[in-house]
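Fold and geometry: a report
Listed below are the residues making up each chain.
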Amino acid sequence: MRRQQERQQPPSSILPLPREVRQVADNGNRCDNIGLWLDRFLTVNPQNWEITQEAKRRHHLTELIGRPEWQSRMQEELNALQNRHEAMLKWYKQRDFAVRHIEAKPVWRFVVGLGAAHVLETGITLHRLFGLPIIPGSALKGAARTWALLKLAEELGVPILSPTEAAAKSQTPLEKFEAVILSQESEREQAALLSQLLQDSTIPDEAPIRNLSPQELREKCQPFFEVFGSTERAGSVIFFDAIPLEVPKFQLDIMNPHYPNYYRTQGQNPPADWESPNPVFFLTVTETPYRFAIAARSEQGNRLLDFAEKWLKGALADLGIGAKTSADYGFWDVS
């Protein structure tokens, strides 16, 4: 009789899915895809449909990735992803694209997509089919572009302002310098923007950019413009998604803001010791080597790839990729 009563009692948590789907998925037990567990298989309380603490703490995920059988299945998924990646690069090579690989390993941890809209407040970028953590090519291109712009500005004496100094200006010298580069195809527009830039009092008199003619500046910035392009013209280098070379190692991390009301009101309420910490859990990747790939779509492919590779390696090593780089996440060993 007691067993019958226990069987009739509703479960303490369920998946927020139609009953038939829950049955097919065996309440999620048949699923090894981390992406599904993060996006669809979050257990809820059937009484009020609130997400359970176990789901917020990624309890099932941390248990799942610790199983030996999961490691074996993920190796199969990884092999499939790598084969697909190699087939894509082969397709480009057959069409006379120059292709280059870079292998790197995170110095500590990294997470890409942490700030994406997610019911758990924090996310991570995973391959839609295989559920493996990838680094989008768009993120890599953006980081490489930023690093290249900073290095060009440093070489030419354009100052990089602190956040406080930048907030006091409607347009920083770096932003003006970027506008000069992006006007590469219009000599008249570039000359006008360069003149406006040189009027900025924060640029030292001895800065090399003050001694360059518009033609010399165009030659100096041409590789940047060719690699990354502009809103009107596509760049000549393709940045592919980076994929893991081994079964990824995940590590659960936590953000624990002690003064949630202070942050929520943007400082209107003072930080106070009587506030309760609000722990926020998130997944990171650690100790997993990755393969990065770039390809050039012009006859000057190898020359442009030299620049793109140098800039991408600089971004990985010095700027970092993804979230929380100020806390030492996202930096890579590219040696």
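As a starting point, this report considers the structure included with it.

Conventions adopted
Residues numbered from 1 in each chain as written. Predicted model: local features only at pLDDT ≥ 70, side-chain atom pairs only at ≥ 80, totals over all residues. Heavy atoms only, no water. Salt bridge = Lys/Arg side-chain N within 4 Å of Asp/Glu carboxyl O. Helix = DSSP H or I, 4+ residues; strand = E, 2+ residues; numbered from the N terminus. Buried < 20%, exposed > 50% of the residue type's maximum accessible area, 1.4 Å probe, protein only. Pairing = 2+ DSSP bridges. Polar contact = N/O pair within 3.5 Å; in protein donor to acceptor, adjacent residues only side chain to side chain. Contact = heavy atoms within 4.5 Å. Expected span 1.5 Å × (residues − 1). Core = buried A, V, L, I, M, F, W, Y, C linked by side-chain atoms within 4.5 Å. Axes fitted to C-alpha atoms, helices over the stretch in contact; angles between N-to-C directions. Parallel < 35°, antiparallel > 145°, perpendicular 65-115°, else oblique. Nonpolar A, V, L, I, M, F, W, Y, C, P; charged D, E, K, R; others polar.

This part takes up the pattern of salt bridges. If you walk through the whole model with that rule in mind, you get 16 salt bridges. The partner of E155 in a salt bridge is K220, and the shortest N-O contact between them spans 2.3 Å. Residue E155 is found in helix α7 (residues 137-156), and its partner K220 is found in helix α11 (residues 214-228); the two are separated by 65 residues along the sequence. By relative accessible area, which is 35% here, K220 ends up partly exposed.

Moving on, we come to the pairing of strand β7 (residues 290-296). Burial analysis of β7 places seven of its seven residues in the buried class, which makes it a mostly covered element. Side chains of β7 alternate between two faces, with Y290, F292, I294 and A296 and R291, A293 and A295 buried alike. Sheet topology note: the strand β1 (residues 98-106)/β7 ladder contains seven bridges and is antiparallel. From the neighbouring strand, R100 faces β7, where its bridge partner is I294. As paired strands, strand β3 (residues 237-239) and β7 are joined by three bridges and run antiparallel to one another.

The strand order across the open sheet formed by three strands is β2-β6-β5, and the pairing between neighbours is antiparallel. On the outer flanks of this sheet lie β2 (109-110) and β5 (249-255), each paired with one strand and no other. Where β2 meets strand β6 (residues 280-286), two bridges bridge the pair, whose relative direction is antiparallel. Considered in β6, the bridge of R109 is made with T286.

With respect to the helices, strands and loops of the structure, D253 is situated in strand β5. Judged by its relative accessible area of 11%, D253 falls in the buried class. Among the polar contacts made by the side chain of D253, one reaches the side chain of Y329 at a distance of 2.3 Å. Setting aside chain neighbours within four positions, we find D253 in contact with R109, V280, F281, F282, T284 and Y329.

By secondary structure assignment, the location of S183 is in the loop between α9 (173-182) and α10 (187-198). Among all residues touching S183, those that are not within four sequence positions of it are E189, Q190 and L193.

For helix α6 (residues 68-94), with 27 residues, the first-to-last C-alpha span of 39 Å sits near the 39 Å given by 1.5 Å per residue. One or two steps after α6, the chain reaches D96, where phi turns positive at roughly 65°.

As a further point, take the nonpolar core. One finds I135, F177, I209, F239 and F292 to be the most contacted residues of the largest nonpolar core, which totals 79 residues. Ranked by residue count, the leading element in this core is α7, at nine residues. Grouped together as the second largest cluster of nonpolar side chains are seven residues, Y92, I238, A293 and A295 included.

Here α7 crosses α11 at 175°, and the two axes come no closer than 10 Å. Here α7 is positioned roughly antiparallel relative to α11, judged by the angle of their axes. Mapping the contact onto sequence places K141, A144, R145, A148, L149, L152, E155 and L156 in α7 and L217, K220, C221, F224 and F228 in α11. The class makeup of the residues in the contact of α7 with α11 is nine nonpolar, no polar and four charged.

Read these as layout, nothing more, since geometry by itself doesn't imply function.
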